[in-house]
Amino acid sequence: MRVVRRPQELGAALPRGGVGFVPTMGYLHEGHLALVRRARAENPFVAVSIFVNPLQFGPGEDYDRYPRDEARDLAMLEAEGVDLVFLPTPEALYPEGFSTHVEVTGPLTERFEGAHRPGHFRGVTTVVAKLFHLFHPDRAYFGEKDFQQLAVIRHMVRDLNFPLEVVGVPTVREPDGLALSSRNVYLTPEHRKEAPKLYRALLAAREAARSGRSVAEAEAAAKAILDTIPDFALDYFAIVHPGTFASLEDWVPGARALVAGRFPEVRLIDNLEVYP
Ligand code: PAF
């Protein structure tokens, strides 16, 4: 496994074609490894980037304390048979005077995560566009855990004609249902016990849909569970169209429930398809 730190070295280190690319912010877990395994199964060459992207963190967010463990990440990727890992510094990707951004505008980025984290998606699409230019992948892999991010990246790829396929990979969960996230390490033991209720709320919405209840009834069933979580401030719970993220009054195929909220020490998000 080759480790590259300077963008200028990537050109010579990558093959011409056949690249499956997995962008990450490191502190890897089984969710990331699911992306890597899918990439390994579908591409002759697998490249992973590890970069905690300052552009996608707002003021007061957790950029400085975001968990990092380079040695552990590299050992995990080596064991998965990854061909190349890119580990740039912020200065290497954003040199002095950097002032070009890629932004998907409109309703897709204005609601939910876009409303609660201003500038977040602009930071994500800017770094992902840069990485796509550096790697020229045939396929790029993203987790469904960040379902809105996945939709925003698909939109950017379509609008800017990036010649690649975006592959969404299902969320990996702890046995109690909590979606894996690098940020779960922040949870206090008490809140770790409460956190699976986010998934239980999503399941309650799905159960309501399956038993023929309305979108409003499904939302009410989920919110009744979220209301019981101590110290948890709900940012949003909504059932939306899976492509446009418009709120729904009636069920549509693929309807997705989205949830986000904050314990004092960490913000959590999750989602689930609730209507087939
Ligand atoms: O999902 C993430 O880990 C990040 O948002 C990404 C896609 C690697 C861009 O920094």
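If you're wondering where the values come from, they're calculated on a predicted model, not measured in any experiment.

(A) Region of the structure containing the site of the ligand. In the vicinity of the ligand, the contacting residues are Pro-23, Thr-24, Met-25, Asn-53, Gln-56, Val-124, Val-127, Phe-142, Asp-146 and Gln-149. Take Gln-56: an N or O atom from its side chain is 2.6 Å from an oxygen atom of the ligand. Here an oxygen atom of the ligand and a side-chain polar atom of Gln-149 are 2.8 Å apart. Calculation on the ligand without its partners gives an accessible area of 290 Å², and the protein chains cover 88% of this total. When contributions to the shell around the ligand are tallied by element, the ones reaching two or more residues are strand E2 (19-24) and helix H7 (120-135).

(B) Examining the nonpolar core more closely. In this structure, Leu-84, Phe-132 and Phe-135 are the most contacted members of the largest nonpolar core, which totals 43 residues. Once you skip the residues sitting within four places of it in the chain, Phe-135 turns out to touch Leu-10, Leu-14, Val-19, Phe-21, Ala-47, Leu-84 and Phe-86. Formed by 33 residues, the second largest nonpolar core is a distinct cluster that contains Ala-195, Ala-208, Ile-229 and Val-259.

(C) Quick peek at the pairing of strand E7 (residues 233-240). Of all the eight residues making up E7, six are buried; the element is thus mostly covered by neighbouring parts of the structure. In this structure, E7 lies alongside strand E8 (residues 256-263), joined through seven bridges in antiparallel fashion. What sits directly across from Phe-237, in E8, is Val-259.

(D) Summary view of the packing of aromatic side chains. Applying the stated rule across the entire model yields 13 aromatic pairs. With centroids separated by 5.4 Å and ring planes inclined at 65°, the aromatic side chains of Phe-57 and Tyr-63 adopt a geometry described as edge-to-face. Phe-57 sits in the buried class, given a relative accessible area of 10%. The partly exposed category is assigned to Tyr-63, whose relative accessible area is 22%. One aromatic cluster in this structure is built from Phe-21, Phe-86, Phe-132, Phe-135, Phe-142 and Phe-162. Above the plane of the ring of Tyr-186 lies Arg-65, whose end atom (NZ or CZ) is 4.0 Å from the centre.

(E) Quick look at the packing of helix H10 (residues 197-210) against helix H11 (residues 215-226). Direction vectors running N to C along H10 and H11 enclose 160°, while the axes themselves pass 8 Å from each other. One finds that H10 runs roughly antiparallel with respect to H11. The way H10 lies across H11 gives a crossing that is right-handed. Residues Lys-197, Leu-198, Arg-200, Ala-201, Ala-204, Ala-205 and Ala-208 of H10 touch H11, and the partners they reach there are Ala-218, Ala-221, Ala-222, Ile-225 and Leu-226.

(F) Inspection of the sheet that holds strand E5 (residues 139-143) at higher detail. An order of E1-E4-E3-E2-E5-E6 is seen for the six strands of this open sheet, with the pairing classed as parallel. Of all strands in the sheet, those with a lone pairing partner are strand E1 (2-4) and strand E6 (165-169), marking the two edges. Within the sheet, the average angular offset between the axes of one strand and its neighbour, ignoring direction, is 25°. The sheet contacts of helix H3 (residues 70-79) involve E1, strand E3 (45-50) and strand E4 (84-86), and relative to E3 the element is tilted by about 170°.

The rules behind each value
Residues numbered from 1 in each chain as written. Predicted model: local features only at pLDDT ≥ 70, side-chain atom pairs only at ≥ 80, totals over all residues. Heavy atoms only, no water. Near = heavy atom within 4 Å. Polar contact = N/O pair within 3.5 Å; in protein donor to acceptor, adjacent residues only side chain to side chain. Areas by Shrake-Rupley, 256 points an atom, 1.4 Å probe, with all protein chains shown as cover. Helix = DSSP H or I, 4+ residues; strand = E, 2+ residues; numbered from the N terminus. Core = buried A, V, L, I, M, F, W, Y, C linked by side-chain atoms within 4.5 Å. Buried < 20%, exposed > 50% of the residue type's maximum accessible area, 1.4 Å probe, protein only. Contact = heavy atoms within 4.5 Å. Pairing = 2+ DSSP bridges. Phe/Tyr/Trp six-rings, centres within 6.5 Å; stacked < 30°, edge-to-face > 60°. Lys NZ or Arg CZ within 6 Å of the ring centre and 35° of its normal. Axes fitted to C-alpha atoms, helices over the stretch in contact; angles between N-to-C directions. Parallel < 35°, antiparallel > 145°, perpendicular 65-115°, else oblique. Left-handed = near helix turned anticlockwise from the far one by under 90°.

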